Each structure stands twice: as structure tokens, then as C-alpha cells.
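One-letter residues, chain by chain:
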Amino acid sequence: MVFPIKWSTPPMARCQHLRRLLSSAAARVAAPVPAWRFPQSTGTSAQSARIRELGRVGRLSEAREVFDAMPFHDIIAWNSMISAYCSNGMPDAARSLADSISGGNLRTGTILVSGYGRAGRVRDARMVFDGMPVRNTVAWNAMVTCYVQNGDIALARRLFDAMPSRDVSSWNTMLTGYCHSRQMVDARNLFEKMPERNTVSWTVMISGYVLSEQHGKAWDMFRMMHYEGISPEQPNLVSVLSAISNLGNLKILESIHVLIHKAGFERDVVVGTAMLNVYTRGVSMLDTAVKFFEGMTVRNEYTWSTMIAALSQGGRIDDAVAVYQRDPLKSVPSRTAMLTGLAQCGRINDARILFDQIPGPNTVSWNAMITGYMQNEMVDEAEELFNRMPFRNTISWAGMIAGYAQNGRSEEALVLLQALHRNGMLPSLSSLTSSFFACSNIEALETGKQVHSLAVKAGCQFNSYVCNALITMYAKCRNIGFVRQIFDRMAVKDTVSYNSFITALVQNDMLEEASDTFDNMPSRDVVSWTTIISAYAQADQGNQAVEIFRSMLQERELPNSPILTILLGVGGNLGACKLGQQIHTVAVKLGMDSGLIVANALISMYFKCGSADSLKVFDSMEERDIFTWNTIITGYAQHGLGREAIRIYQQMESAGALPNEVTFVGLLHACSHSGLVDEGREFFKSMSCDYGLTPLLEHYACMVDLLGRAGDVQGAEQFIYDMPIEPDAVIWSALLGACKIHKNVEIGRRAAAKLFSIEPSNAGNYVMLSNIYSSQGMWDEVAKVRKLMKEQGVNKDPGCSWIQIKNRMHSFVTGDEEHEQIHDIHATLRELYTLLKAAGYVPDTEVVLHDIDDEQKESSLMYHSEKLAVAYGLLVTPKGLPIQIMKNLRICGDCHTFIKFVSHVTKREIDIRDGNRFHHFRNGNCSCGDFW
């Protein structure tokens, strides 16, 4: 998609003037007012106060009407209107107004510096600052604050050091910068050098430690303040309560409660609400929170809204409604918290009723309702409400753009960004980052470049949030050159920046560089670990992913649910049940084993490892979603337990869960591997007739496999010709596989011809056709296939099997000579052949693709990878112990017969997971019933 607007760069002399005109148009500013001398009357104070009040709630049009209706303007009125624009993200409109009075006074310049700083436009702020004829300490502080707000701590410190004079606010501003960037060592050094401190200084330090998750140090800092005889005040009490909420130490909570009482803050509603916040942090403490809430003698609108929000987020929406109904004021924050809670739990209609009952809802309420619609994927309703808003602020625009992007309507997100720009407004940081996300979704590189240009014009191209979004966008569009440029030019690189860069490298198949970047990160968070572990897992380097996880634990970083899910997937893919059990133990210790995502991953892992523990996990789950049901059905299908899969499906229907396309793929796969032809036909019919689901290629492939395996090869071929969609390689491969099983040369030749055309480099297709020919003794045809493979440069994938013994994975390839105990393995195999032949085993030489004598064929069959793995398992494990083996390809017919005899003669349980399914060998029989 190409963005419909071209943001060309005007000549430098006109650039600033154009920006101001754009924002001024949005604010409906009249023609510039001529400069004049400011009246000295104080009669404008009421109107100025009204302008400031309207500006605080985003009602700029009304504020401007009040301003324009004033018979004369003093400097307070001008600055009030300028401040209103700046507070609502329109610093260019403010600058245009300031130019009308030749820049105003010292206060005017300081307001503009702060406004540009809040909008992320550091360069514009610096231009205003440098252009001020006179600067006081407040102006210097505003410029330092601008650098701090936008993450450029180095420039902030340089300006701080250059200040002609400093007050305690200057020191606190610089201290805030270090704390916000989590540079707590530098913050502590600066704190110790302060010539004087006030309670703000202590509060900033406490808050900084909280922000950097050093909650113990935050508590120590508060105690130090107390020991120095400084009485606690409301702000630092609120900050230290935030630290205590993360320490989880009830004794500390009790001690601070006593201190609050002694300091006379027990009736302070703000401190009380902060205490309530501590209790509402965990779902397990909600009852305690309710008890504390009921004991509060004074409550304000935020106390009520905090309790309502906590109960809503804790899944107790009915209790939240009960608290809301008791709220005597039912203030806008309470109503907004209630409608937000209703929307989050899916009761969007109730949320809308509540919204409609709010008398004169403010912009916050409108934004909350729009967000609720977006969260419930009701984009059209959100759009209708947005169009009806009497006043919109930057959050309104940003919320709509984000909602479009997150709900798969990225083009509309970009159209709305265009509308915002057309209205003369420059987008906020949130609008820009959401727009980059929209470009990422549709991989719209050219559009992304145009939005990037807009970010440059807005002066926030160096903002860390914008840079991180740009890295993600360019990575998704496969432009790694731009990714490097942005990352290298970032003045401030936080952990998120590094994580975004590592993700970009991984997406562009640069794993080694991603690993180096990870190793050189100044600090890491759980997202960093998740990204690199996931990268190695996706690159089929599961062992390295596990090693990184061990390093993570050694560094005392706790894993999150995604990491556990990834590692469970690694364990399942490797068939490493012991690894999976170890990850399961970690999940139990961290209390994550009952979460839906982890529990589903546990079921999948145990199924892939052939363990019955999958059923134990399933039975213990209190909550199940569609992924749970699909995982258990697919698991049974992989094990050839078709009847069990159908039973679970019936249980799913009884539970009221609706199946999806994946459910029916699992069911058809289960029927195919169990020979349940009639049942499979019924499920194929049911998915469209009963549930309105359109069959996809995967479903047609299952049906071809079902018919072909059951022996109806001609019917399977006709089914393909009758399909309403074009068959793909998977479908023709299913037909070719059926021809191999039933030795149908003619249909097999036709299926192979299709496959050679669709995927000429897939060796498996050539091998299957060769198997069909060799089974009929058609050696000339076998030779032709082998010649064709050579001409096409196709090489057959070697068969590989592996077995885990004492936390070590042993792998074997066909004809392996490399294993340290290979001579003992060969000797064991020869002994087995003697025993098995005496028991009736006859090698199936039809699977050998060479025209050689039977003795040579038997010799080549003896050293298949799965036979080597079975022999090694018998050699090194105690008698009677089950043996589990993984194989990359489909097990051949001879090996299948061989292992059946082994299970009978040795009385061993042998489980093999091949490229298609599980085979459980018990007492000479296989769970597949020789139907695979």
C-alpha cells in the first residue's frame, strides 16, 4: 500500500512557518493578532482561569472562544491559551500564538520549551530556549526536563553542568533523569553531592529504585530519610508503598501501616488509596483489600475507582458492580473504571449503558468506551463513537489508530493518521508507534518511510519509543540496513531497544549476530531472554536454547510463561521427556503450571514424548480453551487412538466448546490413522453442515489419506479431481503414500508426476515412487527415478533416529559407524537377528531400492537407524525398562516388523515416534494395527 499523502520537505526558511500554520489551522486560530502592549488590568483573571480549566480537560475550541471573546488580553491570558495548546500536544499552535505577541515574556518561552519537550520535539524546544533573550533558572530547568523526558540523559547532564546557577529543582530534575533511565548508581552519586535536599529529592530516589525494581533499596532509602529526622510526606509515602507492594513482606507492610498512623496520615485519603493499591496488587489479597477498603474512614473518587478496577481485573466483576453501586458520588473516574471493567470481561453492552448514563462525559470517558469497543473487536462501534466525540485529544486519535492496527485494519489506521495530519495536528508518540505497527502488519515499506518522514518533521525521530517501533517496522519489511542505521544512531539505547534489535536480527536469519548482541547487552530483562531462547528454538537448536535457559536461572532471572512454553516445545520436538519433566517442575515451583498456555504446552509435550502424563494434565485443568481440546485430539491422533480422539470431541461438544478448523484436522487425521472411514466422512460433512466451516486444503488432504490408507486408492484420486480448490503437494503426497502402501503403480505414477512439477526438490516423493517400482521388481523404472533425482540435484534425506540415555541424546544414521559403542551395537543386532528369525521374523526385502541379491538386501536392512537405536537401548538399559526412540522419517515396513518381534522376544515396551505418528510396540503388536 502506498500512503496517499506525500510529506515533502519544504525549504528550510519556510519549514517552521509551515508547521505552525498546520497546527494553528487545527485549533481554528484566527488570523495572527498584531503585537501590542499588554494591558495592566487584572480584570482578565477569571477568563484566564477558565481557559486553563478548559485546557486541562482538552476542550480547546471552547478555551479559544473564551480567549477570543475577551475585550483585551493581558500576558496571563496569552500564556494561559498558549499553555492550553501545549498541554494538549499542539505546541506549534502555541508557538504561532506566541509569535503574535513577539514571543511574549520569559514565562511564555518556558511554556513553549515544556510543550515541545512533552511532544517529544527536543530540537524545537532547544531552538526556543536558545532564542530566549533572557533565561532564568526555571527556563534552564525546563530545558533540562525536556532532555530528561525524552531520554537524552547525557545532554541533560551537559546542560545541567553549564547552568549559571541551580536551585534544588535543578538538582531534582537531573536526579529524575537518572532515575527514569534506571541509572541508579549515577543517581545515588548525584544525590550524595546535593548541597540541599527536600522531600522531593528523597521521593525521586525512592521512586527510581521502584522503577528499576530495586524495591529493597527503595525501602532502605525511605528508612534512611526517616533516620535523618525528615518526616514522611504524602508523595514519598505513596512511592514507598509502591515498593512494599512488590516486596511481598507483610511485616514491612505492617510497620509502614504503624508509621502512617503515627505520622497522622491514617485519614489521608491519598495515602489510604496507596495502601489500598498495595492490597489490590495480587488476586490472593483481594479479600484483605476489601477489608481495608471497608475500614477506610475517608474515601475519594480514586479510592472507589481503585477498588472497582481491582475487583474487575481480579475476575470479580459482580463484586465490582456492587462496590460501584455503593459509591455515593459515582464520579467520572468511578464510572470510567466500571465501564472499563465491564468491557474487559466482555460485557460491552453493559459498559455502553453505563457510558450513556454519564451526564456530560469527559474525554477520558469517551476514550475508555472507545478502547472497550476495540478490546472486544467491535471496531465499527468504536469508529461510530469516535466520529460523535464533541472533543478529541491526542489520546482519542492514538486510541483509534492503535485499535485499527491491533484489529487487523492497518490500512484504516494509516488513513486515520492522514486525517489527523490533514487537521493540522502532528501525531503523538503513541499515534506514530501504532502507525509503524500498522505498516509492519502489512509490510508496507514505502508507507512506513513516509510515516518515518512525518516523525522527523514532528521532531521525535530520536525518541526511544519511536526508534524501537521503527526498528520493528523495518525488520518486518526485511530492510536490515535501515534497522542498523536507526539502532546505531540512537542516543539512548534501553533494554527495549536492544530487544527490538535482537528480534530484527532473528527475523532476518542473523542468529549469530543476535547472540553477540544479547551477550553484550548492558542489562537484560525477561523479554531479552525470551527472544534469544525462542530464536534458538525456532532454528532447531534446542540444546542451545536449553543451555541459555540454564544460564538465565544461574543469573537468578525468573522465566515467564512464554519461555516455559518454548522449552516445553523443545522437549516435545526432541522427544526428551526428562527435559520436559524438569521444565514441568520449574513451572510447578513458580505456580505457572495451571496457566492455560503452559498447561496446553505440557499436554502437547507429553503427547510428543509418548507419556500418559498428558492425560493427567488435561484432567487436572480447571479451565480449558479451544487450544486445549485441539491439543488433546491431535495428540490422540498422533498415537493412532482414533476412538479416543472421537470420545474427547464428544466431551468437548458436551462442554459447549465450538470446534474450529484445527479440531477437524485432528479428527480426520485420527480417523485416517485408525481406518475409521465412515466416521471420517461424517466429520468432513459435519464441519460445513453443522458449523459453517469451509474445508481447507488440510481437510482435503486428510480425506485423501483416509480413503487411500483404507485401500480405496481410485476413490481417493477421484476425490482430488472433484475438489472445488486446486490440490497442493500435501494432497498429492497423501495419494502417492496410499499407492505405496497398496502398490498401485499407475495412480502412483500420475501422483508422482504432479509432485515432481509442484516440488521438484523434495526427495521423499522420488523415494516413494521408487518404493512402488521396487516392490513390483521394476528395476529399470527405479533406475530412471534415480537418474532423474541426479539430474535435478536431489539428495535423499538420511534416516536418523535418536534415543535419550541418562540426560544425553544419542543419534544414529543408517549404516552408522561413528558411535563410540558401534561394535557392541552391531554384535547385539546380529544376536537379535538370530533370535528373531528363530521366532519367525522374515526380513522384508521389498523396501530395498537396489537390484541386488537377497543376502545383500538383508545386510543393508540390518543397519537402519531405528534398528541401531533399538539395539543400543537394549544394550545399555536394564532389562524390562521401556525404550523410547525418535525418527525423522516414516518407519519402513521391515523395521516395523522387526521391532514387533523385538518387543515379543525381549518383553520390552518400545515406543517410536516417526515422521508421521507414534508406534507403541507391546508383546509383538503395534498400536497402529499395521495401519500407518
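Residues numbered from 1 in each chain as written. Predicted model: local features only at pLDDT ≥ 70, side-chain atom pairs only at ≥ 80, totals over all residues. Heavy atoms only, no water.

As a further point, take the overall build of the protein. Counting secondary structure elements, the protein contains 51 helices and six strands. Taken along its principal axes, the extent of the C-alpha atoms in the protein is 115 × 60 × 55 Å. Going through the 932 residues of the protein one by one, you find that 51% of them count as buried. In the protein, once contacts between residues fewer than 6 apart in sequence are set aside, the share between residues at least 24 apart is 62%. In the form shown here, the protein has an accessible surface area of approximately 42800 Å², with 51% of it arising from carbon and sulfur atoms. (Helix = DSSP H or I, 4+ residues; strand = E, 2+ residues; numbered from the N terminus. Buried < 20%, exposed > 50% of the residue type's maximum accessible area, 1.4 Å probe, protein only. Contact = heavy atoms within 4.5 Å. Areas by Shrake-Rupley, 256 points an atom, 1.4 Å probe, with all protein chains shown as cover.)

What follows deals with unusual backbone geometry. Positive phi outside glycine occurs at Lys330, with the angle close to 45 degrees. Mapped onto the elements of the fold, Lys330 is located in the loop between helix H19 (317-326) and helix H20 (332-344). At Asp509, a residue that is not glycine, the phi angle is positive and equals roughly 60 degrees. Relative accessible area serves as the criterion here: at 70%, Asp509 is assigned to the exposed category.

Enumeration over the complete set of coordinates arrives at 37 salt bridges. The shortest N-O distance in the salt bridge between Glu781 and Lys784 comes to 3.5 Å. Within this pair, Glu781 and its partner Lys784 are both found in helix H47 (residues 779-792), separated by three residues, close to a single helical turn. (Salt bridge = Lys/Arg side-chain N within 4 Å of Asp/Glu carboxyl O.)

This part is about the packing of aromatic side chains. Considering all chains together, one arrives at 27 aromatic pairs under this definition. Summarising the aromatic geometry, the rings of Tyr649 and Phe683 are spaced 5.4 Å apart at their centres and angled 90 degrees between planes, so their arrangement reads as edge-to-face. Here Tyr649, found in helix H39 (residues 642-654), pairs with Phe683, found in helix H41 (residues 677-689); they are 34 residues apart in sequence, far enough to count as distant. In terms of burial, Tyr649 and Phe683 fall into one category: buried. Ring geometry for Phe812 and Tyr872: centres 5.7 Å apart, planes at 55 degrees, overall tilted. Taken together, the residues span a long stretch of sequence, with Phe812 in strand S2 (residues 808-813) and Tyr872 in helix H50 (residues 865-876) at a distance of 60 residues. With relative accessibility at 0%, the residue Phe812 sits in the buried group. Classification of Tyr872 as buried rests on a relative accessible area of 3%. A network of ring pairs unites the aromatic residues Tyr649, Phe664, Phe683 and Tyr691 as a single cluster. (Phe/Tyr/Trp six-rings, centres within 6.5 Å; stacked < 30°, edge-to-face > 60°.)

Another aspect to go through is the pairing of S2. Pairing geometry for strand S1 (residues 800-805) and S2, over six bridges, is antiparallel. When the sheet's bridge partners are listed, Cys800 is paired in S2 with Val813. Hairpin connection, S1 to S2: the antiparallel pair is bridged by two residues, and Lys806 has positive phi, about 50 degrees. (Pairing = 2+ DSSP bridges.)

One open sheet accounts for six strands, arranged S2-S1-S3-S4-S5-S6; its pairing is mixed. The sheet is open, and its two edges are formed by S2 and strand S6 (925-926), each paired on a single side.

For the rest of this paragraph, the subject is the packing of helix H22 (residues 363-375) against helix H24 (residues 394-406). Where H22 meets H24, the axes come as close as 10 Å, and the angle between the chain directions of the two elements is 0 degrees. Between H22 and H24, the interaxial angle falls into the category roughly parallel. Across from Thr363, Asn367, Ile370 and Met374 in H22, the residues of H24 making contact are Ile395, Ser396, Met400, Gly403 and Tyr404. In the contact of H22 with H24, the residues fall into five nonpolar, four polar and no charged. (Axes fitted to C-alpha atoms, helices over the stretch in contact; angles between N-to-C directions. Parallel < 35°, antiparallel > 145°, perpendicular 65-115°, else oblique. Nonpolar A, V, L, I, M, F, W, Y, C, P; charged D, E, K, R; others polar.)

In this section: the layout of surface pockets. Considered as a void within the structure, the second largest pocket measures approximately 1500 Å³ in volume. As for the second largest pocket, its lining consists of 45 residues, and the residues nearest its centre are His180, Ser181, Arg182, Val492 and Asp494. Elements with a contribution of two residues or more to the lining of the second largest pocket: helix H6 (106-118), helix H7 (122-131), helix H8 (137-149), helix H9 (153-162), helix H10 (168-180), helix H28 (464-476) and helix H30 (495-507). Considering every element that reaches the lining of the second largest pocket, the biggest residue donor is H28, with four residues. Partitioned by chemical class, the residues of the lining of the second largest pocket number 17 nonpolar, 17 polar and eleven charged. (1 Å grid on protein atoms, 1.4 Å probe; cavity = no way out; pocket = protein on both sides within 12 Å on 5 of 7 lines; lining within 4 Å. Points joined across faces, edges and corners; volume = space filled by probe spheres on them.)

In this section: the nonpolar core. Residues Ile256 and Ile533 are the most contacted members of the largest nonpolar core, which totals 254 residues. Formed by 31 residues, the second largest nonpolar core is a distinct cluster that contains Ile803, Ala869, Leu874 and Ile885. (Core = buried A, V, L, I, M, F, W, Y, C linked by side-chain atoms within 4.5 Å.)

All right, on to the confidence of the model for the protein then. On average, the protein scores 87 in pLDDT, and the residues at 70 or more come to 93%. Counting interchain partners and residues more than four positions distant, the pLDDT-below-50 stretch residues 1-42 has 79 contacts. (pLDDT = per-residue confidence, 0-100.)

As enumerated under the stated definition, the model contains zero disulfides in all. Free of any disulfide, Cys179 has its nearest cysteine sulfur in Cys146, 19 Å distant. (Disulfide = S-S within 2.5 Å.)

Let's shift gears to H50. For H50, which comprises twelve residues, the first-to-last C-alpha distance of 17 Å matches the rise-based estimate of 16 Å (1.5 Å per residue) to within 8%. With respect to burial, H50 is a largely interior element, ten of its twelve residues being buried. Ser865, Glu866, Lys867, Leu868, Ala869, Val870, Ala871, Tyr872, Gly873 and Leu874 are the residues of H50 that are buried. (Expected span 1.5 Å × (residues − 1).)

Time to look at the packing of H28 against helix H29 (residues 480-489). Close contact between H28 and H29 brings their axes to 8 Å; oriented N to C, the two are set at 165 degrees. In terms of axis orientation, H28 runs roughly antiparallel to H29. As for how H28 packs across H29, the hand of that crossing is left-handed. Contact with H28, carried on its side by Cys467, Leu470, Ile471, Tyr474 and Ala475, involves Phe482, Val483, Ile486 and Phe487 of H29 and no other residues of that element. (Left-handed = near helix turned anticlockwise from the far one by under 90°.)

Here the focus is the environment of Phe487. Topologically, Phe487 is positioned in helix H29. Judged by its relative accessible area of 7%, Phe487 is buried. Here the alpha-carbon distance between Phe487 and Glu412, two residues 75 residues apart in the chain, equals 29 Å. If we skip the residues at most four places from it in the chain, Phe487 touches Ile471, Lys493, Ser497, Tyr498 and Phe501.

Taking burial as the measure, the five residues of strand S5 (residues 918-922) include four buried ones, the bulk of the element. Where strand S4 (residues 910-913) and S5 come together, four bridges link them in antiparallel fashion. From the neighbouring strand, Arg913 faces S5, where its bridge partner is Phe918. In terms of strand pairing, S5 meets S6 through two bridges, oriented antiparallel. Bridge pairing links Phe921 to Cys926 in S6.

Between the first and last C-alpha of H20 there are 18 Å, a value that for 13 residues agrees with the 18 Å anticipated at 1.5 Å per step. Those residues of H20 lying buried are Ser334, Arg335, Thr336, Ala337, Met338, Leu339, Gly341, Leu342 and Ala343. In this structure, the buried residues of H20 make contact with helix H18 (301-313), H19, helix H21 (348-357) and H22.

What follows covers the environment of Val526. Along the chain, the position of Val526 falls in helix H32 (residues 526-538). Take Val526: its relative accessible area is 22%, and that puts it in the partly exposed class. Residues Val526 and Val704, 178 residues apart in the sequence, show an inter-C-alpha distance of 45 Å. Each residue touching Val526, except ones within four places of it in the same chain, is listed here: Met552, Glu557, Leu558, Pro559, Asn560 and Ile563.

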